[in-house]
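# Secondary and tertiary structure notes
Given next are the chains, with one letter for each unit.
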There are 2 protein chains.
Amino acid sequence: MDLLNTYLIYLIPVFGLVGIIVMAIKSAWVTKQETGDASMNQLAGYIADGAMAFLRAEWKVLSYFVIIAGILLAWSGTTVATSSPVIAISFVIGAFLSAFAGYLGMRIATKSNVRTTQAAKTSLAQALKVSFTGGTVMGLGVAGLAIIGLGSLFIVFYTMYVKNTGGDVNGEAMAKALDVLAGFSLGAESIALFARVGGGIYTKAADVGADLVGKVEAGIPEDDVRNPATIADNVGDNVGDVAGMGADLFGSYVATMLATMVLGREIVSHDNFGGIAPVLLPMVIAGLGLIFSIVGASLVRIKKETDSVQNALNIGNWASILLTAVATYFLVQWMLPNTVMHLTRDVIPGTTDLKPGSLEFTKNGVFGSILVGLVVGTLMSIITEYYTAMGKRPVMSIIRQSATGHATNIIGGLAVGMESTVLPILVLAAGIYGSYFFAGLYGVAIAAAGMMATTAMQLAIDAFGPIADNAGGIAEMSRLPEEVRGRTDNLDAVGNTTAATGKGFAIASAALTSLALFAAFVGVAGIEHIDIYKANVLAGLFVGGMIPFIFSALCISAVGRAAMAMVEEVRRQFREIPGIMEYKARPEYEKCVEISTKASIREMVAPGLIALITPIIIGFAFGPEVLGGLLAGVTVSGVLMGIFQSNAGGAWDNAKKSFEKGVEINGEIYYKKSEPHKASVTGDTVGDPFKDTSGPSMNILIKLMSIVSLVIAPHLNSADNTNKMMQKQEKVQSMNVHQIHVDKKI
Amino acid sequence: MDLLNTYLIYLIPVFGLVGIIVMAIKSAWVTKQETGDASMNQLAGYIADGAMAFLRAEWKVLSYFVIIAGILLAWSGTTVATSSPVIAISFVIGAFLSAFAGYLGMRIATKSNVRTTQAAKTSLAQALKVSFTGGTVMGLGVAGLAIIGLGSLFIVFYTMYVKNTGGDVNGEAMAKALDVLAGFSLGAESIALFARVGGGIYTKAADVGADLVGKVEAGIPEDDVRNPATIADNVGDNVGDVAGMGADLFGSYVATMLATMVLGREIVSHDNFGGIAPVLLPMVIAGLGLIFSIVGASLVRIKKETDSVQNALNIGNWASILLTAVATYFLVQWMLPNTVMHLTRDVIPGTTDLKPGSLEFTKNGVFGSILVGLVVGTLMSIITEYYTAMGKRPVMSIIRQSATGHATNIIGGLAVGMESTVLPILVLAAGIYGSYFFAGLYGVAIAAAGMMATTAMQLAIDAFGPIADNAGGIAEMSRLPEEVRGRTDNLDAVGNTTAATGKGFAIASAALTSLALFAAFVGVAGIEHIDIYKANVLAGLFVGGMIPFIFSALCISAVGRAAMAMVEEVRRQFREIPGIMEYKARPEYEKCVEISTKASIREMVAPGLIALITPIIIGFAFGPEVLGGLLAGVTVSGVLMGIFQSNAGGAWDNAKKSFEKGVEINGEIYYKKSEPHKASVTGDTVGDPFKDTSGPSMNILIKLMSIVSLVIAPHLNSADNTNKMMQKQEKVQSMNVHQIHVDKKI
């Protein structure tokens, strides 16, 4: 036990390594599966090539960004004592691993898709096995890389700045190690934002473009091989829903751990682990979560055609969550000291009293916070499912409103989306309250870390959806028998539900992580309050609240513009290439792929820069307290807009899907091609950029802006001190020449 | 001058009286105008009857509310020293005058409409004169009643609680007088909320219902006498855009003055007016604004058919604003003392030093803040016009996106609405910063008071729009010559522009007023900070941010439901009453009027109660600081949602209108009935509840919640003190039994 005590820090990357080894084994198994006939392989090849072309184009742009940002970081690292130019290296590694995680996921997804189609010729059980194993490869890859990266870099920086210098584990030495480590998270989250936004624009421009001409104008089904945009559409699933999501969750996972570590530094805990148990805890929890995700994933299987795929996924998911929760209880008992803990900054200087509003807590309190996190995550998933599932009141209300036309369908969906913010916000507010009650600000952070522990399993479930979707696309394009398509449709439908609940989970964890980062920022920036009663802080709150609106506007108008270009290209091909409709001529798929690629790369820049640059401008121009107001505004407004857009989009989507089996409105049954169905297609199209471009980007936006603030916090701290000194001087002067004021002001 | 010094307080209601006298003269002139033929009179009669039926139904429900709330207020007034049961009387008078202001406006509007139609047979100049005089009657009535009511009650309460008791004009005595006066504002704003929401649901349910069946399905023009919903539609203009808006602006005007007065109490100014100059100032500014509104209104006239109506309105508007600004300069010089001022609570107790973040200011600073308010209001109007005007980039982008269908039109409009929040928020943030820079929190309040000074003129311009709209409706229904309808259409088009700019102005003033109320609340509640770094305050911020979303969801889904009922009724009448289409049978207009009336009365209750009850629950359950967080969240999110929805709706509306004259998209010209036009009609229909129901309600929502908080603040203050005492006791105990903590926490 003593040995474990000393070497636990070195064990952390080993968890990640286990994940990567299992991943490699599973990946080899997927690769070994049959790939079907030549036509299927050709289509799969188009998709894989298109996806790689996008990633290459994206990487080219992002490499410029990484180089410039890295140089700036290295330079800024030299200017304050609690940072170092090494932060630039940390940043580059984070950016690289985030991009690599996305690539890994996409590569396995573009292999699994066609193999799932082939497996679907045999049985549903086999199709699930292939597609879910593909998803598992991605989940393990993302989580494994994150733990290896963060864990190893922490060992290096801890050794460099704390152990070798004999520095204070609660003091400046550790602060420096963690500041440099924050560069890793900054790199990961920046790439995540660009990947999510770029991928989101790509996939929805292709999807909307393909649907508007293909389904609505030409009257051919989804994924028809005659549609020039169909390959771009399938590529989109891979670059948006797979590569984008992989980078996204890599970033979230790292940010959550980092925020908890930064707050953990401030907790005095001398018993074990050289006093750094609260810092190590989130990484060890993540490591355990990874191991139990492997266990959970092994439980996902069905036997008969009639078995429920959703149940199989639920069993695996719950097993991994419950096992992790139980293990975490013993972990917390073992790692944390028996004494009452609190943040060092909560103590009134020179006394042992806590400042008003601070909190003392115990190790049981920490476990309590973790449980709060799990409950919040679960409730958020349930609420999200209620608001987006077929047959429930919200979706039914949209269906009914489709009977009176396009406009009422849209009004209905917008109302559902807005209404759907209520319960999640109440749950979240209670979660903030509860996790704070149990373990103060550290509790808020560790609650998020608990939620994110089984990221590998969550991601496996999330990623299997787009793989199944692609498999269905290949089946349709290859004109395989009904039966095959039926099996992939079954998987795809389950994937839609898991995508929705995954979003609820993601927004909850993002909100808690942002709050933890916010708290960490306050500590590092050395401010006491963020008082919204001050006019300048309130102005910051307003500006912050506006950022998610302009960010969403840029995302959805980018999709609108790119989709219009796509529509015109598809119309042109139908007009100018004779024989497409009779399967005699092959459409120019690559033209559509190119439109999506170019548009998404071009349009991802502006929103990305807004997220990165705003905190820097506000922080340096107006100081850390106004920046705190900005962050609070971004977080609240971003969470609301994220929930609103994701749920409205999900509800519209399922309202449309409901028509496939026929729905009853006022005693009449309506099917596809009916007028109400057409109205529901409009809603679905509006919802596409909402739920797959701007909505999920909100999570990254709020986290990224918090991380940027955290990274610049040491600089603001010194800048702020200078300001304070100047104010003091000014005050002394003003007391001498008080009368001057009267004339000086206007 | 000495005499004026003493009696200025009694002069304030006289300003209001002048307004009412001029109103009576103008009203008599309108009544004297010709009313046209029997058919016109019959239609106008239907409209007037429908409008009165709605008001009666609304009043019935609201009278229950006023009685219950009044009793609660009277009871609560007995429980703290700084309030009094008299607040209930103040509340009832406020509620009554607000409802009466709406009634006055509606009565003159339902007289002016048919007289404008008749005048339009002669000339555009005459039609403008009648309709604008109708608007002026309403503007003068609202402003006059507000000044008489607030001014007289202030005289009474000041005499009762301050003068007769010899109480401190900066202390508890004046605080009590103003707390009781706050009841007036609470009454006014509560009625305003119900009137705005109820009226907004009424008008849009009728409008959407009439359009969806009439225009889209039956293919008959707007305001066709064969459409069973056409009378309800025209009634809607009166109850929503006139009565609702009248009560709304009455409430805003009063709230702005009150907030400034509450902050004004805290300013030590011993020179003149018994030390209450800063309290009197906003009312005197309003009085001057009323007088100069009369002057400005007299300048609104045209001579030739080709003269620009917009120019005439602009001249009148600018004249009243500039005259008021100049007069305000001299007023401030005369009324305010020559010394440096600040809020009394900004002083560190026992010293003459200001707390950090506080501000000293001079009378020139106060005038500076007023100018900031005027500049902010003007910029907001200009920005709003840019985002909603025909021919400008935003509307043009929606038109282009109409070419690819309903969905892209919607995406385009949503993006424009979201984007349109950026500049207003930056202007507003700068305005907060600037007005605070010049005169601290009092500056923020007086900036809003400056903006609202010419409310009478603003309202005259706003109200003339729906009168002209109604006049056009009557012309169409009576099948008068093209020429007549052309003239009313000209007036209506100008009315649409002024409606949009008026909304920009309204949201800016609401935001500043809310901040002033927020500051007043902080003072009365006796809290030092509202620290969003505390977990519970942050939770409050989240919940507050969510309120505008659920409020909007309730409003727009109410419109959706009511519109569907209307659609079904209109379809039924077309089906079951033979001869409607051939003008042989009269549709059952009263059935449609009834649907709108019942639906709006039923649906206005839930959103209204949310606004009223939330601050009470949060305040008493979690204390004033969390309530402060809630208010900040509501204000930021409400301003954003207000701008987003109003501008998206306005832009969709004008994108649709652009098709009337034909628009060019990709080299082709499209007119009405083309596919892109149909898509634009969908956008317009979605935008209707956005811009006329939920969007403008946001202003009232944020102000009402702040006023409720202000009214309950004295109670929270004492409750808070009790809490603090309990906490202190607990702390003493916990220091004795510190070890217990370890086991007590989970």
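All figures in this text were calculated on a predicted structure; none of them were measured in a lab. (Residues numbered from 1 in each chain as written. Chains lettered and ligands numbered in written order. Predicted model: local features only at pLDDT ≥ 70, side-chain atom pairs only at ≥ 80, totals over all residues. Heavy atoms only, no water.)

### Digging into the overall build of chain A
The line we're drawing: Strands are runs of DSSP state E lasting at least two residues, helices are runs of H or I lasting at least four, and both sets are numbered from the N terminus onward. All radius of gyration figures rest on C-alpha atoms, and the globule criterion is 2.2 Å times the number of residues raised to 0.38. Relative accessibility under 20% of the residue-type maximum defines a buried residue, over 50% an exposed one, and the middle range a partly exposed one, all with a 1.4 Å probe and only protein chains included.
Along chain A, the regular secondary structure elements total 20 helices and two strands. On C-alpha atoms alone, chain A measures out to a radius of gyration of 26 Å, which is about the 27 Å that the 2.2 N^0.38 rule sets for 746 residues. Seen through its C-alpha atoms, chain A measures out along the principal axes to roughly 90 × 70 × 50 Å. Across the 746 residues of chain A, 68% fall into the buried class.

### Things to note about helix α6 (residues 230–265) of chain B
Residues and elements named next belong to chain B. Quick reminder of the rule: Working rule for helices: expected span equals 1.5 Å times residues minus one. To get the bend at a residue, fit one axis to the 7 residues ending there and another to the 7 starting there, then take the angle between the axes.
In this model α6 runs 51 Å from its N-terminal to its C-terminal C-alpha over 36 residues, within 8% of the 52 Å that 1.5 Å per residue would give. Where α6 bends most, the angle comes to about 30 degrees, and this point is M245. α6 sits mainly inside the fold: 35 of its 36 residues count as buried.

### A closer look at the interface of chain B and chain A
This is how it is decided: Residue contacts are counted whenever heavy atoms from the two residues lie within 4.5 Å of one another. When two parts are put together, the accessible area they lose, computed with a 1.4 Å probe and summed over both, is reported as buried area. In protein, a polar contact means a hydrogen-donor-capable atom and an acceptor-capable atom, both N or O and within 3.5 Å, with residues adjacent in sequence counting only if both atoms are side-chain atoms; elsewhere, any N or O pair within 3.5 Å suffices. Any residue that is not Ala, Val, Leu, Ile, Met, Phe, Trp, Tyr, Cys, Pro, Asp, Glu, Lys or Arg is counted as polar, Gly included; the first ten are nonpolar and the last four charged.
Contact with chain B, which involves 89 residues of that partner, is made by 89 residues of chain A. For the pair chain B and chain A, the two sides together bury roughly 8,000 Å², of which 79% comes from carbon and sulfur. Taken together, the connections running from chain B to chain A amount to eight residue pairs in polar contact (both at pLDDT 80 or more). Within the residue set of the side of chain B that touches chain A, elements represented by two or more residues are α10 (393–402), α11 (406–419), α12 (422–452), α14 (482–525), α15 (535–576), α18 (624–658), α19 (675–736) and α20 (740–744) of chain B. Top contributing element to the side of chain B that touches chain A by residue count: α15 of chain B, with 20 residues. When the residues that make up the side of chain B that touches chain A are grouped by side-chain class, the tally is 54 nonpolar, 24 polar and 11 charged.

### Some words on the relation of the copies chain B and chain A
What counts is decided by this rule: Our superposition of the copies is a least-squares fit, built on the C-alpha atoms of residues whose pLDDT is at least 70 in both.
Its rotation angle being 180 degrees, the transformation that places chain B on chain A also includes 0.0 Å of axial translation and leaves an RMSD of 0.0 Å. Each copy turns onto its partner about a two-fold axis. Using C-alpha coordinates, one finds that chain B approaches the rotation axis most closely at D531 of chain B, a distance of 2.3 Å. Interface overlap between copies is the fraction of interface residues in one copy that are interface residues in the other; for chain B against chain A it reaches 99%, indicating a shared surface.

### Here we look at the pattern of salt bridges
Defined as follows: A pairing counts as a salt bridge when a side-chain nitrogen of Lys or Arg comes within 4 Å of a carboxyl oxygen of Asp or Glu.
Scanning all chains against the criterion turns up 63 salt bridges over all chains. When the shortest N-O distance is used, the salt bridge between D207 of chain A and K204 of chain A registers 3.0 Å. Of this pair, D207 of chain A and K204 of chain A both sit in helix α5 (residues 172–218), three residues apart, roughly one helical turn. Residues D207 of chain A and K204 of chain A agree in their burial class; the two are buried. Between D248 of chain B and R196 of chain B there is a salt bridge, with its nearest N and O atoms 3.0 Å apart. Here R196 of chain B lies in helix α5 (residues 172–218) and D248 of chain B lies in helix α6, a separation of 52 residues in the sequence. Across the pair, R196 of chain B and D248 of chain B agree in class, each one buried. Connected via shared salt-bridge partners are K204, D207, K503, D653, K657, D688, K691 and D692 of chain A.

### Let's talk about the nonpolar core
In plain terms, the rule: Residues belong to one nonpolar core when they are buried, are Ala, Val, Leu, Ile, Met, Phe, Trp, Tyr or Cys, and are joined through side-chain atoms within 4.5 Å.
Judged by nonpolar contacts, the single largest core of 530 residues is most densely connected at F154 and V366 of chain A together with F154, L280 and V366 of chain B. Each residue touching F154 of chain A, except ones within four places of it in the same chain, is listed here: I9, T159, M174, L178, L181, M261, I276, V279, L280 and M283 of chain A.

### Comments concerning the packing of aromatic side chains
How we decide: Whether two aromatic rings pair depends on their centres lying within 6.5 Å, for rings of Phe, Tyr and Trp, where Trp uses its six-membered ring; planes under 30 degrees apart make the pair stacked, over 60 edge-to-face, and the rest tilted. Placement of a charge over a ring requires the Lys NZ or Arg CZ to be within 6 Å of the ring centre, with the centre-to-atom vector within 35 degrees of the ring normal.
A full pass over the atoms with the stated rule returns 42 aromatic pairs over all chains. Both rings, one in Y46 of chain B and one in Y589 of chain B, keep their centres 5.6 Å apart while their planes meet at 55 degrees; by these two values the pair is tilted. Pair noted here: Y46 of chain B is in helix α2 (residues 38–77) and Y589 of chain B is in helix α16 (residues 589–603), with a separation of 543 residues, a long-range link. Clustering of aromatic rings is evident, with ring pairs tying together W59, F96, F100 and Y103 of chain A. When the ring centre of Y583 of chain A is taken as origin, the NZ or CZ atom of R479 of chain A, which lies over that ring, is 3.6 Å away.

### Quick notes on the side chain of D653 of chain A
Residue and element names in this part refer to chain A. Structurally, the position occupied by D653 is in helix α18 (residues 624–658). Assessed through its relative accessible area of 9%, D653 is described here as buried. If we skip the residues at most four places from it in the chain, D653 touches D684 and K691.

### Looking at the confidence of the model for chain A
Residue and element names in this part refer to chain A. Rules: pLDDT: the predictor's confidence for each residue, scored from 0 to 100.
Per-residue confidence for chain A averages 88 on the pLDDT scale, and 95% of its residues sit at or above 70. Per-residue pLDDT stays below 50 along residues 728–746; that stretch engages in 16 contacts with residues further than four places along the chain or on separate chains. Of the two predicted TM-score estimates for the complex, the pTM is 0.92 and the ipTM is 0.91.

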